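Letter by letter, the chains look like this.
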Amino acid sequence: MAFEGLADKLSAAFKRLKSKGKLSEDDVKEAMREVRLALLEADVNYKVAKDFTKKVTERAVGAEVMESLTPAQMVVKIVDEELTALMGGGETRLVSPPSPPAIIMMCGLQGSGKTTHCGKLAKMLKSRGHRPLLVAGDIYRPAAIKQLQVVGSQAGVAVFEMGTEKPVKICKEAIRRAKDYGNDYVIIDTAGRLQIDEVLMEELHNIKDAVHPTDILLVVDAMTGQEAVNVAKTFDEKLDITGVILTKLDGDTRGGAALSVRAVTGKPIKFAGTGEKLDDLEVFHPDRMASRILG
Ligand code: GDP
């Protein structure tokens, strides 16, 4: 299960704290050392882990303990609040344009789950009464268009494709079609590569300049930990993304990506992928994720 190691270690640290009754500053500091180690072992970015425990320590040492809580429970409460804040605080929605369609450009490395998540997002939007259109903008992998068509038919959502025509042209045509047919969301699947390279970035930039997406969502695989955070940082520097979809949270990810992406990039995680099926998509709620981590 995701976050298992982290959850166990945090719980052990808090158990020791709870056995103490009244807490000294040293008790809190010792517990935070354990929390920091647990975060590092969960592959959380070093600076993020350090800043996090510093902040919790400052708050916990100076805190007035609420009457209903023991000092240790107060520390856990502060950790819960700070974990939630670390992951962005509240839920972050898709951007609504003044007039439809909203244009969502999906990008990410190959294998991150980009095409699957185009389908998941389309299905979620459809279930909320919207009329999404999927766009096959990955023209390099022969199977990519077919894969999007399969996903589209499973989601009951139309797929616009123009074979191996230039991606910018495909996207422009798709948006024209969406306006004609009353689609209020256009979801563009773009090409991915095994690694970030200039050619890929230039193409994504060209699409961005041509269609002015309302959202640029980066799909990253949570299982890749800090690497996912590095990928997010690079894509954000090049494309100024509006958010992240964190996939494969159903696996045994240690949690580092979920906990560091927001702090490192400043961009919110908007959705979480929790399985291979099209229904396995959740709006990302930082508070619920924090509760899950704290067990
Ligand atoms: P793309 O190359 O980025 O378009 O990635 P795909 O959409 O083809 O997905 C790559 C693999 O990851 C496929 O086998 C998907 O079924 C799988 N996958 C995608 N999202 C998830 C997820 O949230 N959880 C799990 N367990 N597998 C996923």
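Residues numbered from 1 in each chain as written. Predicted model: local features only at pLDDT ≥ 70, side-chain atom pairs only at ≥ 80, totals over all residues. Heavy atoms only, no water.

(A) Spatial organisation of the nonpolar core. Formed by 74 residues in total, the largest nonpolar core has its most connected members in V79, L83, F235, L259 and I293. Considering every element that reaches this core, the biggest residue donor is helix α4 (residues 71-86), with seven residues. With residues near it in sequence (within four places) discarded, F235 still touches C107, G108, L109, I196, L200, M201, L204, L218, D240 and I241. Within the second largest apolar cluster, 25 residues are counted, among which are L134, V151, A155 and L278. (Core = buried A, V, L, I, M, F, W, Y, C linked by side-chain atoms within 4.5 Å. Buried < 20%, exposed > 50% of the residue type's maximum accessible area, 1.4 Å probe, protein only. Helix = DSSP H or I, 4+ residues; strand = E, 2+ residues; numbered from the N terminus. Contact = heavy atoms within 4.5 Å.)

(B) Representation of the pattern of salt bridges within the structure. A complete count under the given rule lists 25 salt bridges for this structure. Two residues, E30 and R33, come together in a salt bridge whose shortest N-O distance is 3.0 Å. In this pair, E30 and R33 are both assigned in helix α2 (residues 25-41), three residues apart and thus about one turn of the helix distant. Since its relative accessible area comes to 34%, E30 is described here as partly exposed. We note a salt bridge from E81 to K77, for which the minimum N-O separation is 2.6 Å. Of the two residues, E81 and K77 are both situated in helix α4; the distance of four residues between them amounts to about one turn of the helix. (Salt bridge = Lys/Arg side-chain N within 4 Å of Asp/Glu carboxyl O.)

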